[in-house]
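Observations on the three-dimensional arrangement
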Amino acid sequence: MNAVIQHPLFIPVLTTLVVCALFPLVAGYLVLIERKVLADFQVRLGPMRVGPHGLLQPLADALKLILKEDIIPEDSDHLIFWIAPIISTFTALTAFAVLPFSARIFVSDVNVGILVISAVSAVGILGIILGGWSSNSHYSLLGSLRSAAQLVSYEVALTFALLSALMVAGTLSMQGIVHAQQQRGVWFVFENFGFMIVPFVVFLISATAETNRIPFDLPEAESELTGGYHTEYSGVRWGFFMLSEYANLFVASAVGVTLFWGGWLPPFPSVAALGWFFDALFPALIFAGSGASSLVLIPKLPYRPHRILMAIIAAALVAFGALFLVPALTTWFAPVFWFLFKIALVIYLMIWFRGTFPRFRYDQLMNIGWKYMIPIGMGAVMVNAVLGMFR
Amino acid sequence: MPPGYLPLFIFLAVAILLPTLTLVAARLVRPSAPSRTKLEPYECGIKAASNSRGRYTVRFYIIAILFVIFDVETIFLLPWAVQYRTLGWFGVAEVFVFLSILIVGYIWAYKKGAFEWV
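Conventions used here
Residues numbered from 1 in each chain as written. Chains lettered and ligands numbered in written order. Predicted model: local features only at pLDDT ≥ 70, side-chain atom pairs only at ≥ 80, totals over all residues. Heavy atoms only, no water. Contact = heavy atoms within 4.5 Å. Buried area = accessible area lost by both parts, 1.4 Å probe. Salt bridge = Lys/Arg side-chain N within 4 Å of Asp/Glu carboxyl O. Polar contact = N/O pair within 3.5 Å; in protein donor to acceptor, adjacent residues only side chain to side chain. Helix = DSSP H or I, 4+ residues; strand = E, 2+ residues; numbered from the N terminus. Nonpolar A, V, L, I, M, F, W, Y, C, P; charged D, E, K, R; others polar. pLDDT = per-residue confidence, 0-100. Expected span 1.5 Å × (residues − 1). Bend = angle between axes of the 7 residues up to and from the residue. Patch = residues over 30% accessible without salt bridge, like charges linked within 9 Å, V, L, I, M, F, W, Y side chains within 5 Å. Areas by Shrake-Rupley, 256 points an atom, 1.4 Å probe, with all protein chains shown as cover. Buried < 20%, exposed > 50% of the residue type's maximum accessible area, 1.4 Å probe, protein only.

As a further point, take the interface of chain B and chain A. If you look at the interface, chain B gives 64 residues, while chain A gives 79 residues. Note on chain B versus chain A: buried area summed over both sides is about 6800 Å², and carbon and sulfur give 75% of it. The tally of links from chain B across to chain A stands at two salt bridges. For the pair chain B and chain A, the number of links is six residue pairs in polar contact (both at pLDDT 80 or more). No other element matches helix α1 (residues 5-29) of chain B, which puts 19 residues into the side of chain B that touches chain A. When its residues are assigned to classes, the side of chain B that touches chain A shows 44 nonpolar, nine polar and eleven charged.

See below:
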């Protein structure tokens, strides 16, 4: 048993299985969170029927998708139609392999980590193009063409934004980038006399466009193209396109957090006096606080099973928060908590965009990409190159 | 094989297997009752007027060509970005020369209207 745990492949393989098994569930709950947050922006309640406050909605949705009839249009290219969602899914998931969840928990730390992510996301575009092309429907074809043009336009700006961060880090390895921030004792977004905020903003806008989210959701603009590239898809296949979309959202946020917001480092990583507060107390308070606030909701729930489930969830949250106060577990949990917490904040920001901005016209989208984002990104690289020499 | 790649390939294999197996498994539980209308491509309820694989605007090709130029450019910059500290001012000067040549090209493409959509 000990030989298995000590094996160098043990943590990578375990992480692989956990990520692949859990991410579909996480994606389902991301959808629920997005619906709930958007509902809140619009003064509605959002999903409330399945489980207390709609907490079981993702499971019901997944079951429905699997049990739905799978329709492949007659004129479509069957083989490519079959393969396209698989390409989208596995490329989106493979990017998780190089994410640094903590100094010890990761699948692999190759020395070209960030290149692996851009490589697989470039292949992921193929899934969308092939899916739209093989459906043989006008909406799908237009959606996939728009998608391809949009993704390649913003990829250039995205790479420029990454270049600025890589210049400061001096390495392409995802762990190496976080370690470089640990050594400098500062998150890279505040590096170079604070100028790194400019590439971060370019990164955030391009990442929103790369993940096809509102205000850049032209590839699947409902009011113009019905469903865009996945108009003809139904059931599990459609589910896989959604899964890859949310995986891309997660990965884009994770890359932003790793390059600019310190990865798994807590705030003020160089101040040892704050270590206990940020590593143990803060996460414990977050979990215990959300547990306590869900206790308040219990008496208002109309059904008894809902009340029981909510009580179990509240107790589990408080208990999980208490685990952070155990010193032996803190060293394992705290970095993962900070990595996921920052990702959650970036994802919340993207949902906020969706609740705030109307969709762009296609020419506006191309203008922003080619006339603003690329020159700003290129300029940011030049300014950072000069500023970086003086730091 | 350089270190660190084995877990990456294991992950890749698992990530390919996951959607494939789910698709195959879902076939066992889902109903299948195809009909002629169901299998038509969707076009707001009317019969598709034409095959979708027709002509589309040349703008998409221009965007693709521009992308190749700028993407290769960023690929060239990556090795410099990693060695930025070691190369120092010399590297910065070289990259400024490289980027200024590209900026001239960018301005030319801008003037020619390559970035105009419509």
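With that settled, consider the confidence of the model for chain A. Overall, the prediction assigns chain A a mean pLDDT of 86, with 100% of residues at 70 or greater. The element-level mean pLDDT for chain A is lowest in helix α9 (residues 222-225) of chain A, coming to 73, with helix α8 (residues 197-210) of chain A highest at 91.

Relative to the 42 Å expected for 29 residues at 1.5 Å per residue, helix α14 (residues 362-390) of chain A spans 41 Å between its end C-alpha atoms, a close match to the ideal helical length. Considering bend angle alone, the principal kink of α14(A) is centred on Met373(A) and spans about 30 degrees; proline Pro375(A) follows within four residues of it.

Here we take up the environment of Ile105(A). Checked against the element boundaries, Ile105(A) lands in the loop between α4 (78-94) and α5 (113-135). Along the chain, Ile105(A) and Leu14(A) lie 91 residues apart, while their C-alpha atoms are 9.5 Å from each other.

Right, let's talk about a nonpolar patch on the surface for a bit. All names here are of chain A. Taken together, the side chains of Leu14, Val18, Leu22, Leu25, Val26, Leu56 and Leu59 make up a nonpolar region of the molecular surface, amounting to roughly 530 Å² of accessible area. The greatest single-element share of the nonpolar patch, amounting to five residues, is contributed by helix α2 (residues 10-41). With respect to the helices and strands, the residue leucine 56 is situated in the loop between α2 and α3 (57-67). Relative accessible area serves as the criterion here: at 32%, leucine 56 is assigned to the partly exposed category.

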